[in-house]
Amino acid sequence: MSTKSRTLLFLTISVIASLVLASCGPSSTPTPNAAPSEPQGNALPEPDTNKSITIVIAEDPPSFNPMVADTGYDALVMELVMLGMTDVDPDGNVFPELAAELPTSDNGGVVLDEEAGTMSVTWKMREDVNWQDGIPVTADDVIFTWNAISDPTNGSWIPGSDYIDSVEKVDEHSFTVNYRSIYPGYLTQFGGEQLVIWPAHFCDLEQGFVAWDCGRQPLSDGPFTLTEWVEGDHMTFSKNEKYYMTRKPELDQVIVRIVPDDTVRKTMMMNGDADIDMWINVNTINELKDNASAKVSFSPTERWVMRLFMNEAAKGTIDPAATPHPILSDVHVRQAIRMAVDVDTINNQIFYGLAHPVWTEFARPPYACELARPAFDPEAARTLLEDAGWIDTDGDGVRECHGCENAEEGYKMEMEFITYAEYGEPLELTQQLIAEMLGSIGMKLNISVVEGSVLWDLAENGGIEQSGNFDIDLWDDGYAGVDPTDYIWEAYSKEAMTPGNGWNFFRWDNAAVDALIDETYTLDEQTRKDTFCAIADFINEEVPEIHLFTVPNADAYSARLEGVRSTANDLVTWNIADWQTK
Amino acid sequence: MLSVSPLAPPARAGVWLVRLSVLATYILRRLIETIGLLFLLSIILFALVNIAPGGPLSAFGGKRIRPEKIEILKRQFGLDQPLPAQYIYWLTGNDWTQVDTDGDGTKDMPGTRKGILRGDFGFSYRTREPVLQEIGLRLPNTITLMGVTMLIALLIAIPLGIFSAIRQYSLFDFLATGFSFAGQAVPEFWLGLLLILIFYAWLKNPWTGEPLLPPGGMFTIEGGFSLTDRISHLVLPVVTGALGWIAWYSRFLRSSLLEILPQNYLRSARARGLPERRVIYRHALSNALIPIVTLLALDLPYIFTGAVLIETIFAWPGMGRLYYQAAVERDYPLLMAVLIIGAAFIILSNLLADILYAYLDPRVRYE
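Residues numbered from 1 in each chain as written. Chains lettered and ligands numbered in written order. Predicted model: local features only at pLDDT ≥ 70, side-chain atom pairs only at ≥ 80, totals over all residues.

## Describing the overall build of chain B
Argument step 1. Across its full length, chain B holds 14 helices and 2 strands.
Argument step 2. Relative to the compact-globule value of 21 Å for 367 residues, chain B shows a C-alpha radius of gyration of 26 Å, a clear excess of over 25%.
Argument step 3. With the C-alpha coordinates aligned to their principal axes, the bounding extent of chain B is approximately 90 × 70 × 40 Å.
Argument step 4. Counting every position in chain B, which comprises 367 residues, the buried fraction comes to 37%.
Argument step 5. Summarising the internal contacts of chain B: among those between residues at least 6 apart in sequence, 64% fall at separations of at least 24. (Helix = DSSP H or I, 4+ residues; strand = E, 2+ residues; numbered from the N terminus. Rg over C-alpha atoms; globule rule 2.2 N^0.38 Å. Buried ≥ 20, exposed ≤ 12 C-beta atoms within 10 Å, placed from the backbone. Contact = placed C-beta atoms within 7 Å.)

Printed below as a string of structure tokens:
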């Protein structure tokens, strides 16, 4: 065979192989991951295209169980097919889903044992909710779900699970949760944005809570059922004809399309080919403000507070008493930093004026505290630093220690300033602007951007914050739902300073605050409000963190869609049963 | 496949048998080397993946992960073991030893993993599904996209390279050269978004008013199978991906031909009165294509490993996106599987390139 013939033979084979490969494309038939066909049947009526909507999201949900990977996409689709005992509306009100009513002390649902410091909560469930196969949702499903969660091998951890002593069935549609201490967050413990009740007759306990097949092939008791899942491409949901609410959902079909690029998602919204794009950023909000096809829904409250964390222990150490940070351990320096950051300029120059300045941890109901907004006053900041012994004597624009509290004479006021990469350009610009602002008062900040998984990793893996290996960090944080109790403990208690125990990685040690945190574990709402606001005063005075602003919690929706209400307490699909098309 | 004519004299058959035997020995030796190389690579990759800053626990818990959950996840992921033990379990499984499944400090049950040597790549941390199942769902999509892209690229690049060479310094050559430079310089993410803007957002089908081309995905949801629909979804990602390859292959073929065209054997062919077409296509091109074929073999791994940017922009659920997601989320089992399979493809493609080169060019011998 000649050289030419061999070459042509090879190229011909290549071409034929490519054609064969091209014809092997995926089919649109349901994958093995699709929901069981029996409950839906094969004779579903054709959906009315006007009652079919498309949600575009960046990546596949790992499953329908947000307790496994907590990506947000899992909670988004979970809301379509599963119900919890309760959920939370955009205004922070807890409302019943599977529960017939919210248990309280007044209706006898909550019984406190003041002496023992324990409580028990008895839940009554709706009796008209069925799984999509017609079997009723009962207390057995709740007990099953709890047993699956608390299984030491294949279980998981839910907020407040450490306080639970036992979960006992009372009758088919009621059960009691016995707590070994007072747990204020009991109302959303078996609901909220992450936990739902799973079907005992359908899920396999042997496979375990985090890995069972029903986590990806769910049996619905929600408004829709999963009919098809082509991984990486789309999911199709059909109206659940057995949904307990009459005449709901209004929509016949929901398609969730995976579109990783946010520019393409935005273009699809503007072109009218998508109806929901969740968690849009400020650039997209700004671009959609005058668009006829797409609107923006804003949550009435916002969870994520952008903030500066200042390490009170020397970089690389974790004990602020033994090894105080040479610069940031002085409260006057922290106060000066707060005075020198112009939040309004950041908002207007980077966030199109869409951010909301925030200066306390307790900025939203039901625990909003009245605190005067700290003034932006760089001149006063300079004076404060001079008085604290930080003076620029060599004229290089960077202050040095001359009689300061915890640094050696001549120590330069120069620090590392870190933020995380995943947030994107607006945060990096914010970081640069803050560095400039602090540079103007004689503080030199060397900026760096790292991956979140590096910043927040465990101390044993060299996680920057947990191991105390930072000076100042910038990122957004905030408590989920409406109960800040555990979050406050994790963030501000002395116990949470120890790596692995919590997130007081800025090592703020205040005994009075520790005592106040203990007092928040009560069901007396007025006491809780007063106590949280007392903690807010301490934070305001000692400035372990500087709260800057919240960015809008917003979702884009098409102009033909009605009923969309964004929320910081849940995913946008929290009320999808109420949505309708024009 | 090599074949021997039944009419060939015994001596010729003997030569073929000897050649086949040499080839078989060569392939066997290279395959044995490949196994050793893959083993070494697996150790290096496993170490690098695990030593890299940032771990799966922080990636999973987001900004805050509770210590209670950390302990559970460590046990479920096998991260409670020292790194060498993790590697051995990944390689050989842990069903031959006892593990602590409930976190009470006692090794109470045999493990359930079989290890990659027995075909068990573990489960994805993210989805808790078997890794091979995850890859199996994505691989055909990537093969489709990249296979068609490579085919289109070659169909355009080869004629482009030939005409550029035989009409060196002509207007066509200058245009082709400009196109090649542009093709290599234009970033894929920019080109992809631009094409979406033009063919999806701006240009509409005059009869239906619908966008001229879809912005992404593999097919129209609920549209049923339609070849036209599949092709329309392939157009933009294929054009975006093929541009770089067209530039690369056409430039390579042009310079390869330009080196061959002044050679004496072509001058002799012309002197014997052979038409110019025959000289170019039969004598020059056959030799100029040899390095292209080798290059093609070396590019074959892309057909399996995919292209992250193109798959991301055009919402194509392929291996590139799977790999990127696994890397970002520190999904170690999935990441290791993609890396090892990718490495195997690269090594085997190199082997294929060597074999093909020797097959196509009689001057090269298997030594």
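## Comments concerning the packing of helix α14 (residues 511-519) of chain A against helix α15 (residues 525-542) of chain A
Residue and element names in this part refer to chain A.
Argument step 1. The N-to-C vectors of α14 and α15 enclose an angle of 160°; their axes lie 9 Å apart at closest approach. Taken together, α14 and α15 sit at an angle that is classed as roughly antiparallel. The two elements α14 and α15 meet at a crossing, and its hand is left-handed. Facing A512, V513, L516 and E519 of α14, the residues of α15 in contact are T527, T531, A534, I535 and F538.
Argument step 2. When grouped by side-chain class, the residues that make up the contact of α14 with α15 number 6 nonpolar, 2 polar and 1 charged. (Axes fitted to C-alpha atoms, helices over the stretch in contact; angles between N-to-C directions. Parallel < 35°, antiparallel > 145°, perpendicular 65-115°, else oblique. Left-handed = near helix turned anticlockwise from the far one by under 90°. Nonpolar A, V, L, I, M, F, W, Y, C, P; charged D, E, K, R; others polar.)

## Here we look at the interface of chain A and chain B
Where the parts come together, the accessible area they lose is often given as the size of the interface.
Argument step 1. The interface of chain A with chain B comprises 60 residues on the first partner and 63 residues on the second.
Argument step 2. If you tally residues by element for the side of chain A that touches chain B, the top one is helix α1 (residues 3-22) of chain A, at 10 residues.
Argument step 3. In terms of residue class, the side of chain A that touches chain B is built from 23 nonpolar, 24 polar and 13 charged.

## Details of the sheet that holds strand β5 (residues 118-124) of chain A
Residue and element names in this part refer to chain A.
Argument step 1. With antiparallel pairing, the 4 strands of this open sheet are ordered in space as β4-β5-β7-β6. Here the strands that pair on one side only, and so sit at the sheet edges, are β4 (110-113) and β6 (164-171). Ignoring which end each strand starts from, the neighbouring axes of this sheet average 15° apart.
Argument step 2. Pairing analysis gives 6 bridges linking β5 to strand β7 (residues 174-179), with the strands arranged antiparallel. Across the sheet, T122 pairs through a bridge with T176, a residue of β7. (Pairing = 2+ DSSP bridges.)

## Some thoughts on the confidence of the model for chain A
Argument step 1. On average, residues of chain A carry a pLDDT of 91, and 92% of them reach 70 or more.
Argument step 2. In this model residues 14-43 of chain A is a low-confidence stretch, pLDDT under 50, and it forms 53 contacts with partners more than four residues away in sequence or in other chains. (pLDDT = per-residue confidence, 0-100.)

## Let's talk about unusual backbone geometry
Argument step 1. Backbone torsion omega between K248 of chain A and P249 of chain A reads -5°, so that peptide bond is classified as cis.
Argument step 2. Checked against the element boundaries, P249 of chain A lands in the loop between β9 (234-239) and β10 (253-258).
Argument step 3. Between P365 of chain A and P366 of chain A the backbone carries a cis peptide bond, its omega angle lying at 10°.
Argument step 4. Within the secondary structure, P366 of chain A sits in the loop between β14 (356-357) and α10 (378-387).
Argument step 5. Phi at W279 of chain A takes a positive value of approximately 50°, unusual for a residue other than glycine.
Argument step 6. Within the element layout of this structure, W279 of chain A appears in the loop between β11 (276-277) and α7 (282-288).
Argument step 7. Non-glycine residue A315 of chain B carries a positive phi angle of around 50°.

## Quick word on the packing of helix α5 (residues 131-166) of chain B against helix α6 (residues 171-185) of chain B
All names here are of chain B.
Argument step 1. Where α5 meets α6, the closest approach of the two axes is 8 Å, and the angle between their N-to-C directions is 135°. In terms of orientation, α5 lies oblique with respect to α6. Regarding α5 and α6, the two cross each other, and that crossing is left-handed. Each of L160, F163 and S164 in α5 lies in contact with α6, whose residues at this interface are F172, D173, A176 and T177.
Argument step 2. Taken together, the residues of the contact of α5 with α6 break down into 4 nonpolar, 2 polar and 1 charged.

## Quick word on the nonpolar core
Argument step 1. Counting residues in hydrophobic clusters, the biggest one holds 165 residues, and the most contacted among them are I197 of chain A together with A153, I246 and V338 of chain B.
Argument step 2. Counting residues per element, this core draws most heavily on α5 of chain B, at 15 residues.
Argument step 3. In contact with I197 of chain A, other than residues within four places in its own chain, are L83, G84, M85, L98, V137, D141, V142, T145 and F190 of chain A.
Argument step 4. Among the nonpolar cores identified, the runner-up in size contains 78 residues, and W475, Y487, V513 and A536 of chain A belong to it. (Core = buried A, V, L, I, M, F, W, Y, C linked by C-beta atoms within 7 Å.)

## Let's talk about the sheet that holds strand β1 (residues 52-57) of chain A
All names here are of chain A.
Argument step 1. Judged by pairing direction, the sheet is mixed, and its 7 strands sit side by side in the order β8-β9-β10-β1-β11-β21-β12 without closing on themselves. Each edge of the open sheet carries a strand with a single partner, namely β8 (224-230) and β12 (294-298).
Argument step 2. Examined bridge by bridge, β9 and β10 share 5 bridges and lie antiparallel to one another. Among the inter-strand pairings, M235 is bridged to a residue of β10, identified as V256.
Argument step 3. Along the sheet, helix α4 (residues 73-81) contacts β1, β8, β9 and β10; its crossing angle with β8, the most-contacted strand, is approximately 135°.

## Section: the environment of T550 of chain A
Residues and elements named next belong to chain A.
Argument step 1. For T550, the location among the structural elements is in strand β20 (residues 545-550).
Argument step 2. Given 23 C-beta atoms within a 10 Å radius, T550 is considered buried.
Argument step 3. T550 sits 429 residues away from V121 along the chain, and the two C-alpha atoms are 35 Å apart.
Argument step 4. In contact with T550, other than residues within four places in its own chain, are E302, W304, V305, A355, H356 and V358.

## Considerations on the confidence of the model for chain B
Residue and element names in this part refer to chain B.
Argument step 1. Taken over all residues, the pLDDT of chain B has a mean of 87, while the share at 70 or more is 94%.
Argument step 2. Mean pLDDT in chain B bottoms out at helix α2 (residues 56-61), which sits at 67, and peaks at helix α7 (residues 188-202), which reaches 95.
Argument step 3. Note on residues 1-8: pLDDT under 50 across the span, and 5 contacts to partners over four residues away in sequence or across chains.
Argument step 4. Predicted as a complex, the structure gets a pTM of 0.87 and an ipTM equal to 0.85.

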